[in-house]
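If you want the building blocks of each chain, they are given just below.
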Amino acid sequence: MIRPIRLFGDPVLRTPAEPVTDFDLELRNLVRDLTETMVDAPGVGLAAPQIGVSLRVFTYHVGEEPGHLINPVLGLDGEQEEDDEACLSLPGLVFPTPRAPRVVATGFNMYGDPVTIEGSELLARCVQHETDHLDGILFIDRLDKKQRKLAMKAIREAEWNGEPAPEVKVSPHATQRIS
Ligand code: NI
């Protein structure tokens, strides 16, 4: 199922996500929804908080088939390099963002098997960006002072800024934001 993508300003994007403990059907449904939403966007990565689920799960799609990683732990290597970066939760913003050029990410797949992802260039950048989401960090937080100022200005001027988060019905009598 394609889910609405949460935008900057939604508190779920600033909340550190919880580690996954149950590798169950619900988790596999989450990975499926994340993958479908990412491919539909389209995006090269999507983290669970971006669809309102505060769990340490992200998907990525850099070449070949989409993949996912759960409870990631990153090892970074090399001098940081700047390249343009964007985020589905900040539509229209593109800014040069410093990232390590190489990453080794360990974690689990949706069945609970240990996995390792080694990446450079776009995959390394994507893995760092998505893992940041799980810590409540957005790419604009990584910008230098001048670029960050420009980013904040772009946010203030963005047409999506101030839009209410999607409401989800939890019972016939009440509505509540999931975050
Ligand atoms: Ni993002």
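The residue count restarts for each chain, going from 1 along the sequence in the order it is written. Only residues with pLDDT of 70 or above have their local features reported here, since the model is predicted, and side-chain atom pairs are shown and tallied only from 80 upward, although totals for entire chains, interfaces and linings are computed over all residues. Calculation of side-chain values draws on the structure's entire complement of heavy atoms; hydrogens and water are dropped beforehand.

Caption draft 1: Quick peek at the coordination of the nickel ion. Here a donor is an N, O or S atom found within 2.8 Å of the metal, or within 3.2 Å if the metal is Na, K or Ca; sites may look incomplete because water is not among the atoms. Surrounding the nickel ion are the protein donor atoms Cys87 (SG), His129 (NE2) and His133 (NE2), which sit 2.1 to 2.3 Å from the metal. In primary-sequence terms, the residues that donate to the nickel ion follow C-x41-H-x3-H. Of this pair, His129 and His133 both sit in helix 2 (residues 121–134), separated by four residues, roughly a single helical turn. In this structure, His129 and His133 share a single accessibility class: buried. Going along the chain from the N terminus, every DSSP run of H or I of four or more residues is numbered as a helix, and every run of E of two or more is numbered as a strand. Three exposure classes are used, based on accessible area relative to the maximum for each residue type with a 1.4 Å probe and protein chains only: buried under 20%, partly exposed in between, and exposed over 50%.

Caption draft 2: Quick look at the pairing of strand 2 (residues 57–60). Neither face of strand 2 is exposed, since Val57 and Thr59 on one face and Phe58 and Tyr60 on the opposite face are all buried. Here, strands pair whenever DSSP counts at least two bridges between them. Sheet topology note: the strand 1 (residues 45–47)/strand 2 ladder contains three bridges and is antiparallel. Bridge assignment links Leu46 to a residue of strand 2, and that residue is Thr59. Bridge count for strand 2 against strand 3 (residues 67–77) is four bridges, and the pairing is antiparallel. Residue Tyr60 lies in a different strand from strand 3, and its bridge partner there is Gly67. Between strand 2 and strand 3, which follow one another and run antiparallel, lie six residues, and Gly63 among them has a positive phi close to 65°.

Caption draft 3: Up close: the side chain of Arg6. Relative to the assigned elements, Arg6 resides in the segment before helix 1 (25–40). Residue Arg6 is classed as buried on the basis of its relative accessible area of 4%. Within 3.5 Å is the distance limit for a polar contact, defined as a pair of N or O atoms, with the added protein rule that one can donate a hydrogen and the other accept it, and that residues adjacent in sequence qualify only through two side-chain atoms. Side-chain polar atoms of Arg6 contact the side chain of Asp10, separated by 3.0 Å.

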